[in-house]
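# Coordinate inspection notes
Listed here are the chains, written in short residue letters.
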Amino acid sequence: MKFSEEFEKRFADMLTHYPTKRSCLVPTLLYAQDEAGYLSDEVIAELAGRLELTELDVRNVISYYSMLTTKPRGQYNVQVCTNIACMLRGGEELLEHCKKKLGIGHKGTTPDGQFSLEEVECIGACSWAPAVQVNYDFHENLTVEKMDKVLAGYQEKK
Amino acid sequence: MADVNITVDGKAVKTPAGTLLIEACKSVGIEVPSFCYYPNLSLQGACRMCLVKVEKMPKLQTACTTVVAEGMIVTTDSDEIRQARKGMVELLLGNHPLDCPVCDAGGECELQDMTFSYGAAESKYIEPKNHREEQQWSPVVFFDRPRCILCYRCVRVCNEGMDVAALGVQNRGVSSIIAPNNEDHLECEECGMCIDICPVGALTSGSYRYKTRPWEMNHVGTVCTHCGDGCKTTLGVRRADTGMEIVRGDNRDKSGINNDFLCIKGRYAFDFANHQDRLTQPLIRKNGQLTPATWEEAFELIGKKFSAIREKDGGQAIGVIGSNHTTNEENYLLQKFARVVLGSNNIDHHRTADFPAFAAALRGRANATASMRDVYNAPAVLLIGNDPTEKHPLLAWQIRSNVRLHRSRLYVVNSQPIKLRRQAAGFQLIPAGAEGAFAAFLAGEDAALASLGGSKDGWTALRDKLKTEENLVIVFGSELREGDITALVKFGSAVPGAKFLALADYANSRGAADMGLYPDLLPGYLPVAEAGKFHQEWGGIPSAPGLSLPEMAESAKAGKLKALYVVGANPIARFGIDPFVFSKSFVVVQDMFLTETAVIADVVLPAANAYEKSGSVTNTSGDLQLVKKAGEVTGTKGDFEMIVRIADAMGFDVRQLVPFGRGTRADMGQTRGAQSGEADRHAVWLEANGLELKMSPFDPMAILDEIQRLVPGYNISRLALLSGNDQQTNFAASGPAVAQKPELIVPAADGLFRSGTLGRYSHTLHSVMENKDRQPSEEVAAD
């Protein structure tokens, strides 16, 4: 299992931040997922070995956090918030629109592997509801039309 | 720590600082309900059942995570608290299937009890319940997800108690689920602790599930008969066509040295007793075939043959082989029978540790042997050789618990990277066979370093460190023999309060050695050549040492050994003896099964096992415990009775063998009516003082009287023993033993799932082993 140099640097640095190795697990998983796209069996085994945990321990943590996944996702993960503020401002309509537009449901991935869709709980952007998070980018005060533009922008990026 | 004063429900309670509130309440008899709290495991605070009101704290507090503080005023029962607990039960029942009528835990389920106590029979929920099909995680572990209340006890006991970490929790909130380490199955030590500790019926045992209900069984507390650790086990028995069938083994009452611990063998492998191959009638060889016969026929034949051989060729023409699984009383009786009735010192057993050398080394030292309890409490433990995780699961548990709960320092010296190294403060790998050199080095012989490998400084540092320890418990395997043990004891004498523990492999290996199943040693390791109390008590017993087990085979080959009497042993298989050497001898075998030795016998007597008789056994650390009759297979007899009957059939006065029938009557007071308690008081006093009437020659307690009177180190408190406690025997007045042949010590080479003697007849152990073999260790590519 090979990670990038940047990951290795971050990992080595992280080990010095905590009193025990296992404390590094959550950030490490996030970095590994950013790099590999998802947390494969291979990644799990590698990280368990590095942090002196059982693979079961690592899986337990992954299954707890909805932002961590053991299955491949699309290049752009569209996360539509339908929590209270966004819901009142049209978040559910936005989700329905995305479903139709992308032709996939909650936790689905388009056949070309470009988009995944997810209905998520509060992403902390209530002041600018309705909000959508695509990978680490936020898009706020959305309407159906604005959403189309956002998606088109990513489609062009490829 | 200083004491803290608190008030619980108006009662003043004084308790050490640092005590958890739930334990403080328990200490004055106030029960605070809980699911997730379990003594000696880490705190979880998951179930919210132990909520109590603490004055000046704004909300209800969890008693299991609150530490007592000076002046705390606590209420454990009020309308508010009952309402809170009722709410918790209602939430737990939200997804619970309420299938109590078919659930194994029904009748002994903590959730059931709580529901009765707090009542949440009516639910506000109308949503469909989460359901998942039951899963089989291993041959012995089944998981019913819907019944689980997520207390995480199983996860903690597997991680912290067993250091196996085969269970975890996946997902979050209401969809949390207990998960095994290998996707859909467990890869673990199959101890079953998770099943026992489960407060509901979520984890159930493959051998017990759907078989019976708790109230349909009798529960008998006895001692496990597998390895030499002597765990207390409660056997659940119920009536069956063949007698009393054992259906369950556990130790939920936490009695005995093992608290609630049992390994796979103790928990499931009692099923050898129910094996269909059990012998249930005597067999006599007629026309070359073993043919069913009556008991009278068999005893008459044996009595006649043994008498004739004794008269014609003398006692030295008869050999006796005893067992590692029979009780102390049976072993003592057997060697007494050999020496007194047969007039022969030809008695031996399958030795698995050098107890004579150990006894000789500790002679004259009081408090020098460590009990299983000492291993749990000692501030430091040194382990040389052996792999307790595989061969002495309780010892491993005691060591792990001691390190975890008392921060004991463990030093391991082994030729393999054994699992206990993970708990060790110091682990030293040595070449195989160098254990003795290590003992010599400890005793100050620096030249032994050559065979240890590693740096001299490292070894010297270890030795110096060990010397600074106090009350060190030194545990060693059968790799150490003779002079090694003397050297080790010499080293230990420099450590203040050091105690020793020698590891032997079978349930009563220590008892067999202590009771004198040696050709040259009497009970208590007294040399047979020296005239002593046994010679006086028993009259003329031969003083020349007899034949050891291999020598008996030689003697039979030479045509000199005319008869062989084997009680609960299988020397043909164990020592690889050519069965034809005994073709001219008259061979009598007492056993449960037609073993390799039994098939060559002239008479085979069907024997009861340790779960089917009373008496006492001594575990490898010298803890004496009573065994009680739990199961029964019709058509078998205990070894004790058979030995007495053979002596009787030989025309011997059995009163000389078993001191029974002292006195003829006793006024026990009234047994009925207003004064009936008198009878009980008399009986308890008599029993406690070993004076109750022994009405029958088959009463092992009569022999226990004699053992306590004559065998050094066995004069323990009878009352404590009868109360079900373990009592430490010792070597202070033993010996002096004579030099033994260390090559006669043959370790059992058993593992956690394998025991050649009883395990081969256990379906459960077989299914677990087959399952382990079947799973490929690594995935292989399809091409």
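All residue numbers here refer to positions counted from 1 along the written sequence of the relevant chain. Chains carry letters from A onward and ligands carry numbers from 1 onward, assigned in written order. In keeping with the predicted nature of the model, local features appear solely for residues at pLDDT of at least 70, side-chain atom pairs appear and are counted solely at 80 or more, and the whole-chain, interface and lining totals rest on all residues.

## With respect to the domain arrangement of chain B
Residues and elements named next belong to chain B. Stated formally: These domain boundaries are the output of an automatic or database domain assignment. Any two residues are considered in contact once their C-beta atoms, placed from the backbone, lie within 7 Å. Residue polarity is assigned by list, with Asp, Glu, Lys and Arg as charged and Ala, Val, Leu, Ile, Met, Phe, Trp, Tyr, Cys and Pro as nonpolar; anything else, Gly included, falls into the polar class.
Domain annotation of chain B identifies domain 1 (3–77), domain 2 (91–205) and domain 3 (355–503). Distance between the C-alpha centres of domain 1 and domain 2: 26 Å. Each side of the interface is counted separately: domain 1 has ten residues, and domain 2 has 13 residues. Its residues assigned to classes, the side of domain 1 that touches domain 2 comprises eight nonpolar, two polar and no charged.

## Quick word on the packing of helix α13 (residues 435–442) of chain B against helix α15 (residues 483–492) of chain B
Residues and elements named next belong to chain B. What counts is decided by this rule: The convention used is that axes are lines fitted to C-alpha atoms, helices contributing only their stretch in contact, and that angles between N-to-C directions extend from 0 to 180 degrees. Only DSSP runs of H or I with at least four residues qualify as helices, and only runs of E with at least two residues qualify as strands; both kinds are numbered from the N terminus onward. Here a crossing is taken to be left-handed if its near helix is turned anticlockwise relative to the far helix by less than a right angle, and right-handed if that turn runs clockwise.
The N-to-C vectors of α13 and α15 enclose an angle of 35 degrees; their axes lie 8 Å apart at closest approach. Here α13 and α15 pass one another in a crossing that is left-handed. Contact with α13, carried on its side by Glu-435, Gly-436, Ala-439, Ala-440 and Leu-442, involves Asp-484, Ala-487, Leu-488 and Phe-491 of α15 and no other residues of that element. Class assignment of the residues belonging to the contact of α13 with α15 gives a composition of six nonpolar, one polar and two charged.

## Regarding the confidence of the model for chain B
All names here are of chain B. The condition is simple: Residue-level confidence of the predictor is summarised by pLDDT, bounded by 0 at the bottom and 100 at the top.
With 96% of its residues at a pLDDT of 70 or more, chain B shows a mean pLDDT of 91. A low-confidence stretch, residues 777–783 (pLDDT under 50), is modelled with zero contacts involving residues beyond four sequence positions or located in other chains. This complex was scored by the predictor with a pTM of 0.91 and an ipTM of 0.82.

## Comments concerning the interface of chain B and chain A
Of the residues lining the interface, eight residues belong to chain B; the matching set on chain A comes to seven residues. The dominant element in the side of chain B that touches chain A, judged by the number of residues it contributes, is strand β8 (residues 167–170) of chain B, at three residues. Here the residues of the side of chain B that touches chain A are counted per class, giving three nonpolar, four polar and one charged.

## Looking at the environment of Ala-36 of chain A
Within the secondary structure layout, Ala-36 of chain A lies in helix α2 (residues 25–36). Here the alpha-carbon distance between Ala-36 of chain A and Phe-3 of chain A, two residues 33 residues apart in the chain, equals 8.4 Å.

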